[in-house]
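# Coordinate analysis (summary)
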Amino acid sequence: MTVLSDEQSAGAETWTPVCRVDQVPLAAGVAALLDGGVQVAVLRTDDGEFHGLSNIDPFSGAAVLARGIVGDIGGVPVVASPIYKQNFDLRTGRCLDDPDVRIATYPIRVVDGTVHVGVR
Amino acid sequence: MSRTLVVAGHGMVAHRLVEALRSDDVDGTWRVVVFGEETRPAYDRVALTSYVDTWNPDVLALPGAEYRGDELVELVLGDPVESIDRGAKRVTTRSGRVQDYDALVLATGSRPFVPPVEGKDLPGVFVYRTIEDLDDIRAAVERARQRRGRPAAAVVGGGLLGLEAAKALRDMGLSPHVVEMAPRLMPLQVDDGGGGLLNRLVTDLDVTVHTGTSTSAIAQDGDRLRASLGNGTELDIDLLVFSAGVRPRDDLGREAGLELGERGGVLTDETCRTSDPHIFAVGECASVAGRVYGLVAPGYSMAEVAAATLLGREASFPGADTSTKLKLMGVDVASFGDAHAATEGSLEVVFNDAVNGSYKKLVVSDDATTLLGGVLVGDASEYNLLRPLVGGELPVDPAALIGPAGGGGGDAVGVEALPDDAQICSCNAVTKGAINAAIHDDGCDGVGAIKSCTRAGTSCGSCVPMLGKLLSACGVEQSTALCEHFTQSRAELFEIVRATRITTFSELIAKHGTGKGCAVCKPAVASILATLGNGHVLGGEQASLQDTNDRFLANMQRNGTYSVVPRVPGGEIMPDKLIVLGQVAKEFGLYTKITGGQRVDLFGATVDQLPQIWRRLVDAGFESGHAYGKALRTVKSCVGTTWCRYGQQDSVGLAVELELRYRGLRSPHKLKSGVSGCQRECAEARSKDFGIIATEHGWNLYVGGNGGAVPRHADLLVSGVDTDELVRIIDRFLMFYVRTADRLQRTAAWLDELDGGLDHLYAVVVEDSLGICDELEAAMAEHVANYEDEWKGVLEDPEKLARFTSFVNAPGAPDPTIAFETERDQPVPVMLGVPEVVSR
Ligand code: SRM
Ligand SMILES: Cc1cc2nc3c(=O)[nH]c(=O)nc-3n(C[C@H](O)[C@H](O)[C@H](O)COP(=O)(O)OP(=O)(O)OC[C@H]3O[C@@H](n4cnc5c(N)ncnc54)[C@H](O)[C@@H]3O)c2cc1C
Ligand code: SF4
Ligand code: FES
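Here, residues in each chain are numbered from 1, in the same order as that chain's written sequence. In the order they appear in the text, chains get letters beginning with A and ligands get numbers beginning with 1. Local features in a predicted model are, by the rule used here, given only for residues with pLDDT of at least 70; side-chain atom pairs are given and counted only at 80 or more, and totals for whole chains, interfaces and linings are based on all residues. Excluded from the side-chain calculation are hydrogens and water; included are all heavy atoms of the structure.

### Here's the deal with the overall build of chain B
Let me state the cut-off plainly: The way it works is that DSSP assigns letters per residue, a run of H or I at least four long becomes a helix, a run of E at least two long becomes a strand, and they are numbered from the N terminus. Burial classes: relative accessible area under 20% of the type maximum marks a residue as buried, over 50% as exposed, and values in between as partly exposed (1.4 Å probe, protein chains only). Contact criterion: two residues are considered in contact whenever any of their non-hydrogen atoms come within 4.5 Å of each other. Each accessible area is a Shrake-Rupley result for a 1.4 Å probe, and residues are judged covered by the shown protein chains and nothing else.
The helix and strand tally for chain B stands at 26 helices and 39 strands. The proportion of buried residues among the 840 residues of chain B is 54%. Once local pairs closer than 6 in sequence are excluded, the contacts in chain B between residues at least 24 apart make up 62%. As presented, chain B carries roughly 34700 Å² of accessible surface, and 48% of it is formed by carbon and sulfur atoms.

### Digging into the environment of Gly677 of chain B
Along the polypeptide, Gly677 of chain B turns up in the loop between strand E33 (671-676) and strand E34 (690-695). Here the alpha-carbon distance between Gly677 of chain B and Gln649 of chain B, two residues 28 residues apart in the chain, equals 5.6 Å.

### Regarding the site of ligand 2
All names here are of chain B. The following threshold applies: We call a residue near a given molecule or strand whenever any one of its heavy atoms falls within 4 Å of it. Each polar contact in these results corresponds to two N or O atoms within 3.5 Å; when the atoms are within protein, one needs to be able to donate a hydrogen and the other to accept it, and residues that are neighboring in sequence are counted only if both atoms are side-chain atoms. Classes in brief: Ala, Val, Leu, Ile, Met, Phe, Trp, Tyr, Cys and Pro nonpolar; Asp, Glu, Lys and Arg charged; the others, Gly included, polar. Domain delimitation follows an automatic or database domain assignment.
The local shell around ligand 2 holds 30 residues, among which Glu37, Glu38, Arg45, Arg129 and Glu284 are the closest. Here an oxygen atom of ligand 2 and a backbone polar atom of Val296 are 2.9 Å apart. Summarising the interface, the protein chains cover 94% of the accessible area of ligand 2, which totals 990 Å² for the free molecule. Mapped by element, the contributors of at least two residues to the shell around ligand 2 are helix H1 (12-24) and helix H4 (160-171). Across the shell around ligand 2, the residue classes break down as 14 nonpolar, 9 polar and 7 charged. For the shell around ligand 2, the two domains that each supply at least three residues are domain 1 (3-109 + 249-311) and domain 2 (113-246).

### So, the sheet that holds strand E2 (residues 28-33) of chain A
Worth spelling out the cut-off: DSSP bridges decide pairing: two strands pair if at least two such bridges lie between them.
The strand order E2-E3-E4-E9 (chain A) describes an open sheet built from 4 strands, whose pairing is antiparallel. Two strands in the sheet have a free side with no partner beyond their single neighbour: E2 and strand E9 (105-106) of chain A.

### Quick look at the state of the cysteines
Residues and elements named next belong to chain B. We count it as follows: Note on disulfides: each one is a pair of cysteine sulfur atoms within 2.5 Å.
Tallied over the full model, the rule gives 0 disulfides over all chains. Here Cys453 stays free of any disulfide, with the sulfur of Cys444 as its closest cysteine sulfur at 3.9 Å. Residue classification places Cys453 among the partly exposed positions, given a relative accessible area of 39%. Summary of cysteine pairing: Cys518 is not part of a disulfide, and the nearest cysteine sulfur, belonging to Cys483, is at 3.9 Å. For Cys518, a relative accessible area of 6% puts it in the buried group.

### Section: the interface of chain A and chain B
Applied cut-off: Defined in terms of a 1.4 Å probe, buried area is the accessible area two parts forfeit on being brought together, summed over both. Each reported salt bridge corresponds to a side-chain nitrogen of Lys or Arg within 4 Å of a carboxyl oxygen of Asp or Glu.
Residue-level contacts link 46 residues of chain A with 40 residues of chain B. Both sides of the chain A and chain B interface together cover about 3300 Å² of buried area, and 55% of this is carbon and sulfur. Considering only the surface of chain A that becomes buried against chain B, Leu33, Arg67 and Ile69 of chain A emerge as the three largest contributors, covering 21% of it. The salt bridge involving Asp547 of chain B is made with Lys85 of chain A; its shortest N-O contact spans 2.7 Å. In this structure, the connection of chain A to chain B is made through 16 residue pairs in polar contact (both at pLDDT 80 or more). Looking at the side of chain A that touches chain B, the elements that each hand over two or more residues are strand E1 (14-20), E2, strand E5 (69-73) and strand E8 (102-103) of chain A. Sort the elements by how many residues they give to the side of chain A that touches chain B and E2 of chain A lands first, with 6 residues. Classifying every residue of the side of chain A that touches chain B gives 27 nonpolar, 12 polar and 7 charged.

### Here's the deal with the pattern of salt bridges
Opposite charge on two side chains permits pairing when their charged atoms draw close. Residue and element names in this part refer to chain B. A complete count under the given rule lists 52 salt bridges over all chains for this structure. A salt bridge links Glu382 to Lys360, with the nearest nitrogen and oxygen atoms 3.0 Å apart. Here the residue Glu382 occupies a position in the loop between strand E25 (371-377) and helix H8 (383-386), and Lys360 occupies one in strand E24 (residues 358-364), the gap between them amounting to 22 residues. Judged on exposure class, the residue Glu382 and its partner Lys360 are both buried. In the salt-bridge network here, residues are joined through shared partners; they are Arg147, Asp223, Arg224 and Asp238.

### Topic: the UniProt feature "binding site: [4Fe-4S] cluster" (unreviewed entry) in chain B
Residues and elements named next belong to chain B. Defined as follows: UniProt positions are given in the numbering used here, feature names are shortened, and annotations may be inferred rather than shown by experiment.
If you check UniProt for "binding site: [4Fe-4S] cluster" (unreviewed entry), the listed places come out as Cys638, Cys644, Cys678 and Cys682 in our numbering. In three dimensions, the annotated residues from a span of 45 residues occupy one location, with a maximal C-alpha spread of 10.8 Å. Residue position: Cys644 is located in the loop between strand E32 (632-637) and helix H20 (651-662). On the basis of relative accessible area, Cys644 is assigned to the partly exposed category, the value being 30%. What Cys682 contacts, discounting residues up to four positions off in sequence, is Cys638 and Ser676.

### Regarding a negative patch on the surface
Residue and element names in this part refer to chain B. Test applied: Patch rule: a residue counts if its relative accessible area is over 30% and it has no salt bridge; like charges are joined within 9 Å, and nonpolar side chains (Val, Leu, Ile, Met, Phe, Trp, Tyr) within 5 Å. For the charge count, each Lys or Arg is scored as positive and each Asp or Glu as negative, with His and the chain ends excluded. Here the site of a charge means atom NZ of a Lys, CZ of an Arg, CG of an Asp or CD of a Glu.
On the surface, Glu344, Asp366, Asp367 and Glu393 cluster together into a patch of negative charge. Among the structural elements, Glu344 can be located in the loop between strand E22 (331-337) and strand E23 (347-353). Overall, the relative accessible area of 75% leaves Glu344 in the exposed class.

### Describing the packing of helix H12 (residues 447-454) of chain B against helix H13 (residues 464-473) of chain B
Residue and element names in this part refer to chain B. So the rule is basically this: Note on definitions: angles span 0 to 180 degrees between N-to-C directions of axes, and those axes are lines fitted to C-alpha atoms, for helices only across the stretch in contact. Should an angle lie under 35 degrees it is considered roughly parallel, over 145 roughly antiparallel, and from 65 to 115 roughly perpendicular; all remaining angles are considered oblique.
Packing of H12 against H13 brings their axes to within 10 Å, and their N-to-C directions diverge by 110°. The angle between H12 and H13 falls in the class roughly perpendicular. Residues Val447, Ile450 and Lys451 of H12 pack against Val464, Leu467, Gly468 and Leu471 of H13.

### Topic: the packing of aromatic side chains
Each aromatic ring pair is summarised here by two numbers: the centre-to-centre distance and the angle between the ring planes. All names here are of chain B. How we decide: Between 30 and 60 degrees the pair is tilted, below 30 it is stacked and above 60 it is edge-to-face, where a pair is any two Phe, Tyr or Trp rings, Trp via its six-membered ring, whose centres lie within 6.5 Å. Criterion for a charge above a ring: Lys NZ or Arg CZ within 6 Å of the ring centre, and within 35 degrees of the ring normal.
For the structure shown, the criterion picks out 14 aromatic pairs over all chains. Pairing Phe552 with Tyr562 gives two aromatic rings, centres 5.7 Å apart and planes at 45°, and the pair type is tilted. With Phe552 in the loop between helix H17 (548-551) and strand E28 (555-556) and Tyr562 in strand E29 (residues 562-564), the pair connects residues that are 10 residues apart, well separated along the chain. Classification of Phe552 by relative accessible area gives buried; the value is 5%. Through successive ring pairs, a cluster of aromatic residues spans Phe552, Tyr562, Trp614, Trp791 and Phe804. The ring of Phe622 has Lys577 sitting right over it, with the charged end atom 4.7 Å from the ring centre. Seen from the ring of Tyr646, Arg680 lies directly overhead, with NZ or CZ sitting 3.5 Å from the centre.

### Things to note about the site of ligand 3
Taken together, Cys638, Gly640, Cys644, Gly647, Ser676, Gly677, Cys678, Arg680, Glu681 and Cys682 of chain B form the complete shell of residues around ligand 3. When grouped by side-chain class, the residues that make up the shell around ligand 3 number 4 nonpolar, 4 polar and 2 charged.

### Things to note about the nonpolar core
Residue and element names in this part refer to chain B. For the record, the criterion: Take the buried residues of types Ala, Val, Leu, Ile, Met, Phe, Trp, Tyr and Cys, join any two whose side-chain atoms come within 4.5 Å, and each joined set is a nonpolar core.
Counting 57 residues, the largest nonpolar core has Phe690, Ile692, Leu701 and Leu761 as the members making the most contacts within it. No other element matches helix H21 (residues 723-740), which puts 10 residues into this core. Among the domains, domain 4 (490-546) and domain 6 (630-788) are the pair contributing at least three residues each to this core. Discounting chain neighbours no more than four positions away, the residues touching Leu701 are Phe690, Gly691, Ile692, Asp715, Leu716, Leu717, Val718, Leu726, Ile729 and Ile730. Core analysis: the second largest hydrophobic core is formed by 47 residues, Ala20, Val76, Val81 and Leu104 among them.

### Here's the deal with the sheet that holds strand E14 (residues 224-229) of chain B
All names here are of chain B. One open sheet holds the 3 strands; their spatial order is E13-E14-E15, and the pairing between them is antiparallel. Edge positions in the sheet fall to strand E13 (215-221) and strand E15 (234-237), since each of these pairs with one other strand and no more. The mean angle between the axes of side-by-side strands here comes to 20°, regardless of whether they run parallel or antiparallel. Pairing analysis gives 4 bridges linking E14 to E15, with the strands arranged antiparallel. Bridge pairing in E15 links Ser228 to Glu234.

### Things to note about unusual backbone geometry
Although it is not a glycine, Lys85 of chain A adopts a positive phi angle of roughly 75°. Position of Lys85 of chain A relative to the elements: it lies in the loop between strand E6 (76-80) and strand E7 (87-89). Within the chain, Asp768 of chain B stands out as a residue other than glycine whose phi angle is a positive 55°.

### Describing the pairing of strand E10 (residues 108-111) of chain A
Two elements, E10 of chain A and strand E11 (residues 114-119) of chain A, share 4 bridges in a ladder whose sense is antiparallel. Residue pairing across strands places Val111 of chain A opposite Thr114 of chain A, the latter belonging to E11 of chain A.

### What about the environment of Gln542 of chain B?
Residue and element names in this part refer to chain B. One can find Gln542 in the loop between helix H16 (521-531) and H17. Ignoring anything within four residues of it in the chain, the contact list for Gln542 reads Ala526, Leu529, Asn534, His536 and Val537. Separated by 2.8 Å, the side chain of Gln542 and the backbone oxygen of Asn534 make a polar contact.

Here you go:
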């Protein structure tokens, strides 16, 4: 089990360039495949902010969160799983519909128009 | 030891009695033996006329009327009780069976009244009460049709039952005569003014009305009949139906020496007990406290009273409201309370709109403060509100209740004004007080909850709008807000988008909502934008609004792969195309299955395989089947006249035409259709959102059907129309639904909740009561003209194609979480387990 802190970007060691900014539409996401078979959903809110979450939907085990709908619930930026529609907080990975569930987050940084995903 | 209850008769009321007794008699103190004269279990006689739509008796079946699995009920059919031996407490049936009883219930109903007219027993003369009567009438119509094309018929009786019979004949394609002795139609229910309008409306429907005259003789004339009327008119006809009222079947009671009511019927007290304490009478054969009732609701309440009394509980028949609201041949007729102003000094307020075909009369007390009764013809929309007001103080000036200025009773007076004992649901005798108690004490927070708690609204459904109003009046907010981002309902948003021509979600939420949107409002708005024609569903910002399946124009499966369903209009497919499907499935290693919608589903495609698969399919002439969309799915067909020996019309041809016409139409929920070539209904059209069944006269259109979780049989909207008319009405129906339904509300639920129900729908899409039919048709014409295949649209656009990759940084790399194993020689998904990324 990986225990995660809410602190995001701190401590990342490896940064993998995955795509150009314009390859991620506003209020949508893409999936990135990192070394070791790790899948990250790179999600962008409608005001252009990037977030990285594990691409695996913990409720179904399917690698699909990058294909979810991005929006907000009570002001919290979220992605809804396309399988059974649970919402996940883009900033913390916390599941809004089941407080016991939280998924891994990955820091994202943009350098010269290229999106990088960080792994601790 | 349980005691034995014998029930004579198995009609609607007898069934309700057995049902009520068995559900309350938990200890099984009674064993029940029911003897029915008819050869089938009790059925919905009230809906008898609709038998003509399908000629399928199952449609009239009452749930649970065979008591399968209930060992305490024995149902003996086709064996009427012939005599009662009160001393020995036993009955003897026609077959000679002798049955002892501890209690006996007479539920023998009525028989049609046939006046003593010369020739009444000739062949070709019928009555109208049972399924068999209708089968006989149909056979006579067919024989006459063989002989001379268009048969002629007359109905004797212009009351409720006579007009029912006339409607049945109309539905069989005849133009009947109706002969009524009274000076107007429905003399018991309506007054001269209402009758006059009714006469006109019915005449418009191709019925010839003869009022104020009787049938004096019927004579054989070759292979036809000649009916002579009292006023000298002679009718040359092929058949004649007596439908001139009923008489209680009290002969069993009479012969056994039970007391009878003054106007017939076995006399009972308020507990439905006859002059013999061991014998009860319920339904139309009973004369409760001297009064006979010819409607089913009072019969039901007698059944409940008798059941309770048999179980030793106190209950008494409260008297019954003989108010009626009917739709006869598409014409609304309602009468309630003292419709004929028989009360001393009563005053009448009449509003007669000859232009729009509506007649409304209220009867009020001499000081105009109390409503006594009324008559509504042509437009009975105020009935639900007015009837419960009877006997109470009027909240407003009577004219405001029915006059055009007040906009009708619905607006002029609120439900608050109704007294607690006002009956809101007359079918199930539920009062306003009982419904309010359910809301306050049992916490019912919606119409559904009230239905299951009180039974209100579960029969004819006409009181459902009132239930909603009561909820609102109790402060129960039935929020129509779409979600936290929009306070509007889907229907309201649809109107906003239509009127403002807003074309993006961002603009809509900025101007009419709050926040950023969510998985509820985004797909709903995407659907609205798509219905109103905003290009490809994945165009620009629209892509990010789409729900899971629409986002990739395929159905997501549990392992994140997709299924692909190409359209096969009407289920008709060329061998070459079938071969292509097989080749594609083989090439991409897809699991293959025939769906329940008469087409082929290919499962297990990854995101990046989708465009490659579509390319192969589109090249072979396939297009998207929208299995993923809240859109038209399939129009199922049977082979119809093309092959079937029973086919009446080309059902495959019509199914293909309809599927091609409505393909791609985005709607609040998925839409399904079916076309059957005859009433055998092999395409299951009546379980579809819009289903069509061929008859020899054209097409019958049924709407609001549903399979799935809550099945519902579709209701007949129009019958015997030709293809052009059919398509026009479906265009209007679909567009009206698309505009006004809630998110994820199938047509069945929409129709159930529609204010005014099927009548209102008929008024809007057939009679154009809102004047919007041109608009609805134009919207559909636009949809049809602008349809394009969505798969092709992706293949032609590099920007859209680019999104069909599993990984943005590794196009073409296989998704390591996807794996298959083999089951019955085909690939099926295996889940590899969730990687270690979850903290709990
Ligand atoms: C493939 C199919 C089953 C099969 O193998 O035969 C199927 C499969 C699914 N059905 Fe169905 N339904 C299929 C015919 C039906 C039928 C039968 C019919 O159409 O004749 C029904 C009952 C009829 C009806 O809809 O009234 C049916 C009632 C449902 C329902 C319940 C709808 C309801 O109103 O209660 C759902 C759930 C929903 O839509 O919310 C559903 C939802 C689904 C979904 C989309 C569930 C999902 O979101 O994953 C399934 C995935 C389809 C896919 O391709 O991955 N499916 N589904 C059938 C596809 C027909 C087609 O060619 O398009
Ligand atoms: C065409 C039509 C339309 C109608 N429309 C409406 C309407 O819109 N609203 C409304 O409220 N009412 C309507 N009615 C009236 C309604 O159908 C009756 O009020 C209701 O069916 C009465 O039920 P019942 O059980 O008392 O009698 P029935 O339904 O007549 O049942 C009595 C049964 O007992 C059987 N029987 C008779 N004698 C014996 C015996 N000796 N032994 C065994 N069995 C016997 C009969 O064969 C029959 O099956 C309509 C009736 C018809 C015919
Ligand atoms: S519905 Fe009628 S026409 Fe169609 S296949 Fe069945 S029997 Fe034949
Ligand atoms: S009035 Fe018929 S169901 Fe309520």
